[in-house]
Amino acid sequence: MKRYSHIIIGILLLVSFHISKAQDADDEVVFKAIGDEMARSLTDLKLRNFNPPFFIASYVLDGKSFSAQATLGALVRSKESPLRNNSNRLMVGSYELNDENFRTNSQSYNSGGANLSMPKYNEYAALRRCFWVMNDRMYKNAIDGYTQKLTALKQQNKEESEKIDDYTKLAPVVSIMKPLSVSYDKKMWENNIKELSAIFRKYPKIQASAVNVYIFNPIVYVLNSEGSKIKNTSSLTCITITANTQAKDGELLRDQLVYYAPIPEQLPSIEKMKQDINEMAKALENRYSTSVIDEPYQGPVVFEGEALAELFSSRLFGDNGLLTFREPVYAVGVGRNVGNIMENKIGKRICAENISILSNPRLREFGNTPLTGSFDIDAECVEPSNGLVLVDKGILKTQLSDRIPTLKVKESNGHSRFGLWGNRMKAPGVIQVNYDKGQSYPDFLKTVAAETERNGLEYFYIIRRVETSNIAQSAMPGSSGLTKPIAIYKVSVKTGEEKLVRNAVVSEFPMLSFKYVIAGTAEQVVHNTLYRYSIPVSYIVPKAIAFNDVSIEKDNTPKSKLPIVESPLAALK
C-alpha cells in the first residue's frame, strides 16, 4: 500500500512540475511580448514635433471563471470561461505635466486605457501585435489630449499653490506571485446549487428565486516603463441566493444571502446554507403581511453588522468620501463637477470622537473569517501597508490614494485595485472601523433606549440588513443614497419589544450624521462585499452603532399589481 502511495505522490509531483514549467513559459512569453513592444514604442513612437511617450504600463489578464445558476431545483445555466483581457496606459509629456486629468465636452483624458481582442493563447507574435496597435492608438489620442490641455492651461490663471505634478514617480518593483490554482468540481457545484434552489419549492408565496455560484481565478501581468514587473494571482468564490415576492399591497419585497470566500473550500457548508435559506424564505413570506411604517420618523436609528458595513461603504467610500479625487483641467466651455470636497476636511472632525477608521489591506483574516479584500500590491505597482489611519478619533487624517497626487495627498498609499475582470479603479481593500469604549450589546440597547426617551420618543429603529449590492443584483437606492432596508425593526422604549416593519427607506443620512453617534459596541463583525460590482472589499465593523437624528419615511415607489392566480407551487406543495 505504501508503495502505491509513493507512486501516486510521485505522479502528482510530476504533474505539478509540468504545470509549473508551463506556467513559467507563459510568464516568459507574456513579459517578453510586452517588453519588446514597449521598448520600441518608447523610442520610435513619434509624431510631428512631439517626443515619444515617457510612461507606458501594459496589463494582461489571463485566468478562468466558472458561473452557474439554478432555480427551483433546475439548472438554468453553467459556463466555464477564460478570463482574457489586455489593456495599456500611455502618457506623453512628463510626470509634472502630461495628457491625463483633462476633460473636454466629448472626452475625458483620465488614467488612460485601451484594449484589443486577445489571442486565445499566450503566443508571442499575436500578443505583441495587440500592444503595437494599442500603443499606436493611445499615443495619437494622448498627443491630441496633451495639445488641448496645454491650450486650456494657457487660458487659465492658476495660483502657484494650486500647481501639482500630474503623476508621481516610483522606484521599480518586482513582485512575482506563485500560481494560485483553484480546484473545483463543476458537476458537484451544479448539483449543490440545484439542491439549494429546490428549497424554495416549499415557499409558494415567493415569486422568483435563484442560486448562483461564481468562481474567479485571475492572473494579472503588469510591466511598465519604470522597470516594475508584477504577476498578481488571486481568487474569489461567491454564492448569491436571491428571492423576491410582493406584499399584500403590491410592494416588491427582496431578500438575498451572499457568501464570499477566497476559495470554495472556505465557504460555509451546504447544510449551513440550507438553514440560512429556510430562515430567509420564512422571513420573506412573513413580510407579506407585515405592518407598513405608520409615520415619518426622525431620531435614533441603530445600524447593525451588514447594514452598518454597507452604510460606511456607501457614505464614506463612495462619491465624495475617503478616496482621493483630482479635479481635472477643463477645456473652455466645459461644465465643472463639484468633485470630492472631503479633502478640504483633512485635519478636521468628520465623525464622532469614538470612531477611528484604518486601512489594513494585508490582513488575511479576522477571527475565523477570511478577508476577501486583502491584497499585497496594487495595479500601479505600489505596495500598501497595514495600519494606515484614515480617521483618528473622528479626525480625518488622509484618504485612500493612487499615483495621481492631489493638493493634500501627494503620494500613493497603494489603492489602485485590480478588478475581477482585469479592470482597475481606486478602491478600498480591508477597512476596519473601531469604536472606542464600546459597550456590550445589551448595555448598548439600554443606552439607545434612554437617549430615545430623552428625545421624547416612544420607539427607535434597528436596521439589520439592507439590499446589498453584489455580483448578481443591483442596489436599489433610496432617496438618501442608502440601499433599502430588508430587516428593519421598530423597538419599544418601555418594553424592548421588536416589531418587524416594511415599506421604509432611510430618507436622510447626511455626512453630518456620523458626528451624532449615541453609542457603539465593542464586539466587531466582518462583512465581505464587492466595490462597484468588481473589487473585493472587506469591512470589519462594530456589531452595532446608533446614530441620532436619522430620518426614516414610507417608500413611495409605485407598486405593481399582485398576480391574478396563485403560484403553481402552492398546488405542488
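Here the structure is a predicted model, which is why all the values come from computation and not from measurement. (Residues numbered from 1 in each chain as written. Predicted model: local features only at pLDDT ≥ 70, side-chain atom pairs only at ≥ 80, totals over all residues. Heavy atoms only, no water.)

Quick look at the overall build of the chain now. Looking only at helices and strands, the chain has 7 helices and 29 strands in total. At 26 Å, the chain has a C-alpha radius of gyration in line with the 25 Å of a compact globule built from 573 residues. Principal axes of the C-alpha set define a box for the chain whose edges measure 75 × 75 × 50 Å. Of the contacts made within the chain by residues no fewer than 6 positions apart, 77% connect residues no fewer than 24 positions apart. When the accessible surface of the chain is split by element, carbon and sulfur atoms take 51% of a total near 26600 Å². (Helix = DSSP H or I, 4+ residues; strand = E, 2+ residues; numbered from the N terminus. Rg over C-alpha atoms; globule rule 2.2 N^0.38 Å. Contact = heavy atoms within 4.5 Å. Areas by Shrake-Rupley, 256 points an atom, 1.4 Å probe, with all protein chains shown as cover.)

A few words now on helix 6 (residues 441-454). The terminal C-alpha atoms of helix 6 lie 20 Å apart, and with 14 residues this matches the ideal 20 Å at 1.5 Å per residue to within 8%. Taken together, the buried positions of helix 6 are Tyr441, Phe444, Val448, Ala449, Glu451 and Thr452. Each buried residue of helix 6 sits inside an arc of 165° when the element is viewed along its axis, so together they form one side. The exposed set on the far side of helix 6, more than 90 degrees from its buried face, consists of Pro442, Lys446, Glu453 and Arg454. Residues of helix 6 that are buried in the fold lie against strand 12 (297-304), strand 22 (459-466), strand 26 (517-520) and strand 29 (544-554). Taken from the residues just after helix 6, Gly456 is the one with a positive phi, measuring 75°. (Expected span 1.5 Å × (residues − 1). Buried < 20%, exposed > 50% of the residue type's maximum accessible area, 1.4 Å probe, protein only. Arc of directions from axis to C-beta.)

What follows concerns the pattern of salt bridges. Within the structure shown, the criterion is met by 28 salt bridges. One salt bridge connects Glu251 with Arg502, and the closest N-O pair in it is separated by 2.6 Å. With Glu251 in the loop between strand 9 (236-246) and strand 10 (252-261) and Arg502 in strand 24 (residues 498-502), this pair connects stretches of sequence that are 251 residues apart. The salt bridge partner of Arg454 is Glu451, with a shortest N-O separation of 2.9 Å. Here Arg454 and its partner Glu451 are both found in helix 6, 3 residues apart, which amounts to about one turn of the helix. For Glu451, a relative accessible area of 17% corresponds to the buried category. Here the salt bridges share partners, and the residues they tie into one network are Asp249, Glu251, Lys484, Arg502 and Asp555. (Salt bridge = Lys/Arg side-chain N within 4 Å of Asp/Glu carboxyl O.)

In this structure the tally under the stated criterion is 18 aromatic pairs. For the pair Phe303 and Phe547, a centre-to-centre distance of 5.9 Å together with 75° between the ring planes defines the contact as edge-to-face. Of this pair, Phe303 sits in strand 12 while Phe547 is found in strand 29, placing the two residues 244 residues apart along the sequence. Here Phe303 matches Phe547 in class, with each residue buried. Taken together, a centroid distance of 5.3 Å and an interplanar angle of 80° make the contact between Phe509 and Phe514 edge-to-face. Taken as a pair, Phe509 and Phe514 share a single burial class, namely buried. (Phe/Tyr/Trp six-rings, centres within 6.5 Å; stacked < 30°, edge-to-face > 60°.)

You can see Lys393 is positioned in the loop between strand 17 (388-392) and strand 18 (395-396). The residues contacting Lys393, other than those within four sequence positions of it, are Arg349, Ala352, Glu353, Ile355 and Ser356.

Counting residues in each nonpolar core, the largest one holds 63 residues, and the members touching the most others are Phe303, Leu322, Ile357 and Phe547. Residues contacting Phe547, with those up to four places away along its chain left out, are Gly299, Pro300, Val301, Phe303, Leu308, Leu311, Phe509, Ser513, Phe514, Tyr516, Val517 and Ile518. The next biggest cluster of nonpolar side chains, apart from the first, holds 29 residues, and it includes Ala70, Ile215, Ile239 and Leu267. (Core = buried A, V, L, I, M, F, W, Y, C linked by side-chain atoms within 4.5 Å.)

In an α-helix, one turn spans 3.6 residues; hence positions three or four apart end up facing the same way. When the terminal C-alpha atoms of helix 5 (residues 305-316) are compared, their 16 Å separation across 12 residues agrees well with the 16 Å that a helix rising 1.5 Å per residue should span. In terms of residue burial, helix 5 counts as a mostly covered element, since 10 of its 12 residues are buried. For helix 5, the complete set of buried residues consists of Gly305, Ala307, Leu308, Ala309, Glu310, Leu311, Phe312, Ser313, Arg315 and Leu316.

Pairing in this open sheet of 6 strands is mixed, and the strands run 18-17-14-21-28-27 from one edge to the other. In this open sheet, the two strands that pair with only one neighbour each are strand 18 and strand 27 (524-531). Taken together, the 5 bridges between strand 14 (residues 355-359) and strand 21 (residues 430-435) define a ladder with antiparallel strand orientation. Directly across from Ile355, in strand 21, lies its bridge partner Tyr435. Its contacts with the sheet put helix 5 on strand 14, strand 21, strand 27 and strand 28 (535-542), and the angle it makes with strand 28 is roughly 120°. (Pairing = 2+ DSSP bridges. Axes fitted to C-alpha atoms, helices over the stretch in contact; angles between N-to-C directions.)

The next thing to look at is the environment of Glu96. Here Glu96 is to be found in the loop between strand 2 (74-91) and strand 3 (102-103). With 68 residues separating them along the chain, Glu96 and Ile164 place their C-alpha atoms 7.3 Å apart. With sequence-adjacent residues up to four places away left out, Glu96 is seen in contact with Ile164, Asp165, Asp166 and Lys169. A distance of 3.2 Å separates the side chain of Glu96 from the side chain of Ser94, its partner in a polar contact. (Polar contact = N/O pair within 3.5 Å; in protein donor to acceptor, adjacent residues only side chain to side chain.)

Where helix 3 (residues 186-197) meets helix 4 (residues 270-286), the closest approach of the two axes is 10 Å, and the angle between their N-to-C directions is 25°. Classified by the angle between their axes, helix 3 and helix 4 sit roughly parallel to one another. Considering only the axes of helix 3 and helix 4, their crossing is right-handed. Mapping the contact onto sequence places Trp189, Asn192, Glu195 and Leu196 in helix 3 and Ile270, Met273, Lys274 and Ile277 in helix 4. Looking at the contact of helix 3 with helix 4, its residues break down into 5 nonpolar, 1 polar and 2 charged. (Parallel < 35°, antiparallel > 145°, perpendicular 65-115°, else oblique. Left-handed = near helix turned anticlockwise from the far one by under 90°. Nonpolar A, V, L, I, M, F, W, Y, C, P; charged D, E, K, R; others polar.)

On the surface, a cluster of positive charge is contributed by Lys345, Lys348, Arg349, Lys408 and Lys515. By secondary structure assignment, the location of Lys348 is in the loop between strand 13 (329-330) and strand 14. (Patch = residues over 30% accessible without salt bridge, like charges linked within 9 Å, V, L, I, M, F, W, Y side chains within 5 Å. Lys, Arg positive; Asp, Glu negative; His and termini not counted. Charge placed at Lys NZ, Arg CZ, Asp CG, Glu CD.)

Attention now goes to unusual backbone geometry. Positive phi is not limited to glycine here, since Cys381 has a value of about 70°. Assignment of secondary structure puts Cys381 in the loop between strand 16 (369-370) and strand 17. We classify Cys381 as buried; its relative accessible area is 1%. One non-glycine residue, Asp549, adopts positive backbone phi at about 55°. Secondary-structure assignment places Asp549 in strand 29. On the basis of relative accessible area, Asp549 is assigned to the partly exposed category, the value being 40%.

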